[in-house]
Amino acid sequence: MTLRERLLRLRYNHIPDHLIGEILTKRWTDNAIPFVALVITIAIFGTLIPGFFKPAALSDSTRQLGEFSIIVTGLTIVILGGGIDLSVGSNYAMSAFAAVITFFVWEQPLWVAFIAALGVGLTFGCINGYLIGYMRLRAFLTTLVTLIIGRAVFDILVIKYSTQVQQSQMASDVLDFIADETVYGVSVAVIIAVVIAAVAHVAMTRSRPGWHILSVGGSRRSAHNAGIRVRRTVFLTYVISGLCCGLTGFLVACRLSGAGPGTGAYLEIWALTAAVVGGNSLGGGRGSIVKGVMGAIIVLVTMNGLVRIGTGTGANQMALGLMLAVAVTLDIRWLKNRHKVLDEVYVTPVHHRMDDAPSALPGSGTPYALNNAISRTEYIGLEELEGPEDVILDRDDHLYCGTRHGEIIRFFAPDYKKSEVFAHTGGFPLGLAFDQAGNLLSCVGAMGLYSISPDRQVTRLSAETRRTWTSVVDDARLRDPNDCDVAPDGRIFFTDSTTRYDAHEWALDSIEARPTGRLLCYDPKTGKTTTVLEKLRYANGVCMAHDGQSLFLAESWACSVHRYWFDGPKAGTLEVVIKDMPGYPDNINRASDGTYWMAWLGMRTPSFDLALRHPGMRKRMTRNLPMDDWLFPNINTGGVVKFDETGKILGTLGDLTGISHPMVTSMREHKGWLYIGGILNNRIGRYKIPDADPNWTAPVAYWGEKP
Amino acid sequence: MTRLLSHLTQEVIVFLLAATLFLAAAIFLPGFMFKDGAFQAGNLIAMVRAVSVLGILAVGMGIVIIGRGIDLSAVAVMAMSVAWYLQMLNSGVPGWQALGWALAGVVAVGLINGFMVAYADVPAIFVTLASSYFVYGFVRSQLIVSDATPAPAGSWILELPNLGLVTSTHIPIDVYAFGAAVFVGFLFLRFTKWGRYIYLMGDNFMAARNMGVPVRPMTVLYYVISALMAFVAGILTTSSIQSMNVRVVNSNMLYDVILVCVIGGIGLSGGKGYMRNVVVGALLIGIMGNAMTIMDFTNVEQNLIKSIILLTAIIIDGLLNPRDEQTAQQGDI
């Protein structure tokens, strides 16, 4: 390698820029922007305002913050449900007034005042909820009008009763405690706010009503069609918001011991800005309580900060308007363009260099030289099948294969003309294997390892393994289970080709060439799945060796075959058996003469090999060109290769016409015939192997005669 | 009878209601139309005059609503642009230059509103709410010095009520302006291509876009129109009270403008309504406001009554143009 190539390798293989894309797939990244905004806001006002962090000042501002964040929590729930509640301003003022008049004028106990405040909040919430939830009016205008109505009623009442409130002699220790005292330095308002935020967070993320609210916000129509009572759910959100306002009204009534004409003025716009600045999507479905609380802190700190710095009249409104506009625009643009950004940065190719392969050209004289042997095979299921990735035969000579429709098809011996749907898996069945009891095991694409009993019972064996600590994308989930085989003791070894892409995006994985594939082992005794080998370049075929202690493992994008010993004296060792092949290996299966068959899904090309050594070029390609113009590995020609335990190539079978079997993903020997499948093919081919044992079958050879 | 009922649109109902109210007020309310048994036009003229500014704002708002938008920044633009204009005149900026600046500012707000709605896909309600706050805050804190800005003596604005036409007919300039605004709005919506486009957009936005209506420039256009209407309304306000008090932004005026449109029969879901609906709506509000003032309702009480009427109007609008889970648009709040 030249120095330049070494540097390239250093740059692309050791700087983990794939993590940017992986982090962007995470939902919690949505929280990052408001969090940074929060830190910046506090930093700015903390430095501008002397004594900002003094306990006394903090105690006072946190009391206000506690009250404010309760309202924002309620509003956030409404927004998550796809609505909006502007009436919080007057609702809160009315609740405060209800508490004040009950306690100070009607001289009732404080708990009655508490209930009165909650009752007023509840009433407002029910009215809003009924109008918007059940009558389906527009949330914004409706709550705007209930805001004005509430404000007008409040203005009338507050003027009427203000002198009576001021002359009242009522006092209460509890009231004073709520208003002035702290518990371990934390005021009652803050404690209540934290409790409410925590309860709301748990309810929204982990309870049925919470999920209903989120799904109604996410897609009202789908929620309706899924049987969720949309109207009642919407109603509920406004009721919750109303109750939050009622509670806050009570707290503020205690703090101020009264309510004046200015109580709650412009609160609705403050709360709305807070919810949106926190990053909750207008229109619902996306957001969280935590975001709402972060937004509440940002808005309150900014508003109070501007007042304390001493900016003139109007500066607050200017800041609010600016914050609201910027937050809404950012949110909408981000929501709209997030997947574009993700597409741009997710594919991060690495440098991968393979040595030159021996030629596979017909007549080139190398062991790999392809012939035209399988261009004329007996077709099975022509035009009936779509995507038989793997084929397998049972003890009674019936033939099984998967299709891309999620079914396993069974063709009946002896002529394989008649077929039936043997089982429906729901995902694309890839690798197949029989265990000792005759259960058909299958790696179902994007789903996991499944077992289908002879009486067609489909059971999931494994869909996850242990997550690695350093992983960003969830690598516990099986994204691309590909092939499986069973050890003599019943353990199932299977591959998961990549952790960064879904099964249908295998082409992106090939362009990236990042080794993320794994060999996994499912142990039926414990029901647990363990990761055996990691960092494989598209781990593909698995096949038990004839010795029962080791297995062969194909690594597609590395064009190599490994042997891994899981038992016996060499247990745990991994050896390269074949490397730098001219083709991309797929499934491997045992042959009757003690050797192995291997499928080539495609052939290496000099251009793609060169591209693999230039990760920067591939990166620019995925960013700047439409997908149609990308350079992909060639999968239009493949073949079948026979090799022995030492890795010696014994022969090849090819289809130079490209009609019958251009791409081969699996082959299975059975009673002197070779059955050939291809994931992009519409048939299974049957090829008579010269000089093969006409009685050899894989189940009998491996598991013995039927007990 | 059924034929008669089918003609009973919201507009007709409102008109009948307005007529009934008018008659009732004329007969039972002393001072509304007759004082001590003698006809007097003064109160009626005052009534129409009182709703003229509202009506001009409602013409702009109506055009926006027909195009399926809403402009919550109208009152802020009205007050702040004129206040800034007066401030410039008071501080000695030459008249034409000041007018140019003010108009440029007004058009800029309209452009920004329209741009954010049309090109950045932000819901109109939030764009205009934010711009309302921003415009108020920016002008109040940066460009003017106090809430009330008087018009400089001898300004052309103060001369408006003394125009020949006005003095000869005894009908205030506001009424002429309102009439002119309605007429121009009518001509625009009825006889120009762009006017028809606005109906198409309001009726079915996606279909209009698919058939080639330039929906984005059109959206920008109607926000600019609304902003310009607001400026005209502001000038008229100043001509009658000789100053501009920006506290009007914090009042319920904006809701009155929406009330005029909705109650007159301009459906909030867009595509429906004409300029005559604005007239009908404005008349009803004018009669009500005038009657309530004569009956000695306080301002707050009037607000309460008007907002309850607005809520009723929205409920009726919702019943007449129902939305359900299958047809409601996501994020349509």
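Residues numbered from 1 in each chain as written. Chains lettered and ligands numbered in written order. Predicted model: local features only at pLDDT ≥ 70, side-chain atom pairs only at ≥ 80, totals over all residues. Heavy atoms only, no water.

## What about the overall build of chain A?
Along its length, chain A carries 19 helices and 26 strands. Taking 2.2 N^0.38 as the reference for a compact globule, 707 residues should give roughly 27 Å; the C-alpha atoms of chain A span a radius of gyration of 34 Å, well beyond that estimate. In terms of its C-alpha atoms, chain A occupies a principal-axis envelope of roughly 110 × 60 × 45 Å. Counting all 707 residues of chain A, 58% fall into the buried class. When contacts within chain A are restricted to residue pairs at least 6 apart in sequence, those whose partners lie at least 24 apart make up 64%. Once the 66 positive and 64 negative side-chain charges of chain A are each reduced to a mean point, those two points are 6 Å apart. (Helix = DSSP H or I, 4+ residues; strand = E, 2+ residues; numbered from the N terminus. Rg over C-alpha atoms; globule rule 2.2 N^0.38 Å. Buried < 20%, exposed > 50% of the residue type's maximum accessible area, 1.4 Å probe, protein only. Contact = heavy atoms within 4.5 Å. Lys, Arg positive; Asp, Glu negative; His and termini not counted. Charge placed at Lys NZ, Arg CZ, Asp CG, Glu CD.)

## Quick look at unusual backbone geometry
Residue and element names in this part refer to chain A. Across the junction of A413 and P414, the peptide omega takes the value 5 degrees, indicating a cis bond. Locating P414 in the fold gives a position in the loop between β6 (407–411) and β7 (419–424). Positive phi outside glycine occurs at R456, with the angle close to 70 degrees. For R456, the position within the fold is in the loop between β10 (448–452) and β11 (458–462). R456 gets classed as partly exposed once you look at its relative accessible area, which sits at 35%. Phi at K535 takes a positive value of approximately 55 degrees, unusual for a residue other than glycine. Position of K535 relative to the elements: it lies in strand β15 (residues 528–536). For K535, a relative accessible area of 64% puts it in the exposed group.

## Things to note about the sheet that holds strand β4 (residues 391–393) of chain A
Residue and element names in this part refer to chain A. Strand order in the open sheet formed by 4 strands is β4-β5-β6-β7, with antiparallel pairing between adjacent strands. On the outer flanks of this sheet lie β4 and β7, each paired with one strand and no other. Pairwise comparison of adjacent strand axes, ignoring direction, gives a mean angle of 25 degrees for this sheet. Bridge count between β6 and β7: 5 bridges; the pairing is antiparallel. Residue pairing for β7: E407 is matched across the bridge by H424. (Pairing = 2+ DSSP bridges. Axes fitted to C-alpha atoms, helices over the stretch in contact; angles between N-to-C directions.)

## So, the domain arrangement of chain A
One can read the domain layout of chain A as domain 1 (61–343) and domain 2 (373–461 + 476–703). If you average the C-alpha positions of domain 1 of chain A and of domain 2 of chain A, the two centres end up 58 Å apart. (Domains from an automatic or database assignment.)

## What about the environment of D435 of chain A?
Residues and elements named next belong to chain A. Note on placement: D435 falls in the loop between β8 (429–434) and β9 (440–444). According to the relative accessible area criterion, D435 is buried, its value standing at 18%. Those residues in contact with D435 that sit more than four places away from it in its chain are L441, V486 and W703. Among the polar contacts listed, one links the side chain of D435 to the backbone nitrogen of A437, at a separation of 3.2 Å. (Polar contact = N/O pair within 3.5 Å; in protein donor to acceptor, adjacent residues only side chain to side chain.)

## Comments concerning the pairing of strand β5 (residues 399–402) of chain A
All names here are of chain A. A two-sided burial pattern is seen for β5, the buried positions comprising L399 and C401 on one face and Y400 and G402 on the other. In this structure, β4 lies alongside β5, joined through 3 bridges in antiparallel fashion. Directly across from V391, in β5, lies its bridge partner C401. Turn length for the β4-β5 hairpin, with the two strands adjacent in sequence and antiparallel, is 5 residues, and the turn residue D397 shows positive phi of about 70 degrees. As defined by bridge partners, β5 adjoins β6 across 4 bridges and the pair is classed as antiparallel. Its bridge partner lying in β6, G402 is registered against I408. Between β5 and β6, which pair antiparallel one after the other, the connecting turn spans 4 residues, and G406 there sits at a positive phi close to 90 degrees.

## Brief notes about the UniProt feature "transmembrane region" (unreviewed entry) in chain A
Residues and elements named next belong to chain A. Mapped onto the present numbering, the UniProt feature "transmembrane region" (unreviewed entry) falls on residues 32–53, 65–84, 110–132, 139–162, 182–204, 235–258, 264–282 and 289–309. In the segment residues 65–84, helix accounts for 80% and strand for 0%; the C-alpha atoms at its two ends are 21 Å apart. The distance from the first to the last C-alpha atom of residues 264–282 is 23 Å, and the span holds 58% helix and 0% strand. (UniProt positions renumbered as here; feature names shortened; annotations may be inferred.)

## Focus on the pattern of salt bridges
Residue and element names in this part refer to chain A. Taken as a whole and judged by the stated rule, the model has 31 salt bridges over all chains. Notably, a salt bridge pairs D485 with R590, separated by 3.2 Å at the nearest N-O pair. Placement of the pair is D485 in strand β12 (residues 481–486) and R590 in strand β20 (residues 583–590), with a sequence separation of 105 residues. For the pair D485 and R590, a shared accessibility class is recorded, and that class is buried. (Salt bridge = Lys/Arg side-chain N within 4 Å of Asp/Glu carboxyl O.)

## With respect to the interface of chain B and chain A
Often the size quoted for an interface is simply the accessible area lost on bringing the parts together. At the interface, 46 residues of chain B touch 50 residues of chain A. Here chain B packs against chain A, burying approximately 4400 Å² in sum over the two surfaces, 71% of which is carbon and sulfur. Taken together, chain B and chain A are joined by 1 salt bridge. For the pair chain B and chain A, the interface holds 3 residue pairs in polar contact (both at pLDDT 80 or more). For the side of chain B that touches chain A, the elements supplying multiple residues, two or more each, are α6 (124–143), α13 (253–264) and α15 (299–320) of chain B. When residues in the side of chain B that touches chain A are grouped by element, the largest group, 12 residues, is from α6 of chain B. Taken together, the residues that form the side of chain B that touches chain A break down as 28 nonpolar, 11 polar and 7 charged. (Buried area = accessible area lost by both parts, 1.4 Å probe. Nonpolar A, V, L, I, M, F, W, Y, C, P; charged D, E, K, R; others polar.)

## A word on the sheet that holds strand β13 (residues 492–496) of chain A
Residue and element names in this part refer to chain A. Pairing in this open sheet of 4 strands is antiparallel, and the strands run β12-β13-β14-β15 from one edge to the other. The open sheet terminates on both sides in strands that have one partner only, identified here as β12 and β15. Each neighbouring strand pair of the sheet contributes to a mean axis angle of 20 degrees, computed without reference to strand direction. Judged from the 5 bridges that link them, β13 and strand β14 (residues 517–523) form a sheet pairing that is antiparallel. Residue pairing across strands places D496 opposite R518, the latter belonging to β14.

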